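Residues per chain are reported as follows:
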Amino acid sequence: MSSPAPPPSLSPATDSGGFSELVGQHDAVEQLSDAAASGSPTHAWLFTGPPGSGRSNAARAFAAALNCEQGGCSTCQSCRMVSAGSHPTVTMVSTENVSYRIEDVRQLITTAQDRPQGHRWRVIVVEDADRMTERATNVLLKAIEEPPPQTIWVLCAPSPADVLVTIRSRCRHISLRIPPVEAVEALLVERDGLSPEQAGFAARVSQSHIGVARRLAADVEARNRREQTVSLPLKVRSASQAVLSAAELVSMAQADAASESESRLAREQTALRRSLGLEPEEKIPPKLRTQFKRLEDDAARRAKRTVTDSLDRTLIDLTAVYRDVLSIKLNTGAELINEHLRAQLAELAETLSAEQALGCLDALNTARTRITQNVPPALAMEALMMHLIPRRHRGA
Ligand SMILES: [Zn+2]
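What counts as what
- Residues numbered from 1 in each chain as written.
- Predicted model: local features only at pLDDT ≥ 70, side-chain atom pairs only at ≥ 80, totals over all residues.
- Heavy atoms only, no water.
- Core = buried A, V, L, I, M, F, W, Y, C linked by side-chain atoms within 4.5 Å.
- Buried < 20%, exposed > 50% of the residue type's maximum accessible area, 1.4 Å probe, protein only.
- Helix = DSSP H or I, 4+ residues; strand = E, 2+ residues; numbered from the N terminus.
- Contact = heavy atoms within 4.5 Å.
- Axes fitted to C-alpha atoms, helices over the stretch in contact; angles between N-to-C directions.
- Parallel < 35°, antiparallel > 145°, perpendicular 65-115°, else oblique.
- Nonpolar A, V, L, I, M, F, W, Y, C, P; charged D, E, K, R; others polar.
- Arc of directions from axis to C-beta.
- Donors = N, O, S within 2.8 Å, 3.2 Å for Na, K, Ca; no water.
- Tetrahedral: all angles 85-135°; square planar, octahedral: opposite > 155°, others 65-115°.
- Pairing = 2+ DSSP bridges.

A. Geometry of the nonpolar core. Among the nonpolar cores identified, the biggest contains 36 residues, and Tyr322, Met381, Leu384 and Met385 are the most heavily contacted of them. Breaking this core down by element, the ones donating at least two residues are helix H11 (239-276), helix H12 (289-329), helix H13 (342-351), helix H14 (354-372) and helix H15 (377-388). Beyond its immediate sequence surroundings of up to four residues, methionine 385 is in contact with Leu232, Val236, Ala242, Ser245, Ala246 and Leu249. Counting 29 residues, the second-largest nonpolar core is a separate cluster that includes Val29, Ala61, Ala65 and Leu176.

B. Expanded view of the packing of H12 against H15. Remark: H12 packs on H15, axes separated minimally by 12 Å, with the N-to-C direction vectors making an angle of 5 degrees. One way to sum up the angle between H12 and H15 is to call them roughly parallel. Facing Leu311, Thr314, Leu315, Leu318 and Tyr322 of H12, the residues of H15 in contact are Pro377, Met381, Leu384 and Leu388. Partitioning the contact of H12 with H15 into residue classes produces eight nonpolar, one polar and no charged.

C. Representation of helix H7 (residues 181-190). Val184, Leu187 and Leu188 are the residues of H7 that are buried. Taken around the axis of H7, the buried residues stretch over an arc of 95 degrees, which confines them to a single face. Along H7, exposed side chains directed more than 90 degrees from the buried face belong to Glu182 and Glu190. Check the buried side of H7 and you find it contacts helix H8 (196-205) and helix H9 (210-218).

D. Spatial organisation of the environment of isoleucine 389. Locating isoleucine 389 in the fold gives a position in the segment after H15. On the basis of relative accessibility, which here comes to 5%, the residue isoleucine 389 falls in the buried class. For the pair isoleucine 389 and glutamine 113, spaced 276 residues apart in the sequence, the C-alpha separation amounts to 56 Å.

E. Up close: the coordination of the zinc ion. For the zinc ion, the full set of protein donor atoms is Cys68 (SG), Cys73 (SG), Cys76 (SG) and Cys79 (SG), at a range of 2.3 to 2.4 Å. Coordination geometry of the zinc ion: the four donor atoms subtend angles of 103 to 117 degrees at the metal centre, consistent with an arrangement described as tetrahedral. In primary sequence terms, the donor set of the zinc ion follows C-x4-C-x2-C-x2-C. With a relative accessible area of 1%, cysteine 68 lands in the buried category.

F. Main features of the pairing of strand E4 (residues 151-157). Within E4, seven of the seven residues are buried, leaving the element largely enclosed by the surrounding structure. Of the two faces of E4, both are covered, the one formed by Thr151, Trp153, Leu155 and Ala157 as well as the one formed by Ile152, Val154 and Cys156. Judged from the five bridges that link them, strand E1 (residues 44-48) and E4 form a sheet pairing that is parallel. Bridging from a neighbouring strand, tryptophan 45 pairs with valine 154 of E4.

If you want it as structure tokens, here you go:
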């Protein structure tokens, strides 16, 4: 495998953060910037929205706005530190485990007690609050009810139903939505300098997931892997092919995760250099080395979670295939997510009844659940691919 360099077409300002990165979220941006400007924001927030809606980016932009003299300018020292993950009073956490341990939550609560010396607010962002067990949540609850005067909690989850009602009722709720394809396309053209054609393709096949769209547009290998993934169901006709394709899917997801981790680490290193005022090629002074070491350690810890996320992305891509097939079968006239594969998808639609296509969507859903429950990926994918063999070929 060739080593994936960070996508060269992306300008360094890409990760500067700020509310301008939140595409198609006008309501949320207005509420958050008003709250930051008010000087007395609510102390507990719940940000919800499906993957790709930008929950973590919204939380980071909010943390930056709270601590910036100008309400989130993206350019001052404080904003740049938030974006580089090196701001001393902004803590963003996510777990690599299936759920948070009580000790992790206690540690966060201890951090929350510290006054934000020299800064406006201490902000604690829990990026995946849905991964908190009931016991851990109850420990957190008390802290959220009576926070120190300068501490703000931001909890992120896919939907309000993913956190306990006791938490929900104590938080101000911000709901993020999946931005329209056109808005993502416009962002990729304006901010990243992509051609309208590239941007349109990436925005559509990523289903408006900005991070994924950017990667697909900038990284030809990521694009090839996606195309291989979505073409697999078109080829699987026997049990032995199903087993082979399952293995292929897993290894492509692993390759994708590795490449994504590398470019994320490179982006973080660049952002940290910028926030410390180091030139791109300048040698890192010994006293700053621990900060860079910490980025590498975080990347290593994230590795397993990244593979799980990448497998989930694979399953979302395959789900799009069957939604397209259904759309063809039901003659909805809608533009397909995989419009560029229309001819092959029409062929697949011929071999399946609408019920069978729905059955495949169910099987994909089951596989997504299994992956998050730590079922070995090869097993989950094999069961799935067996299910995707068109009926008339089964047992052949
Ligand atoms: Zn600023």
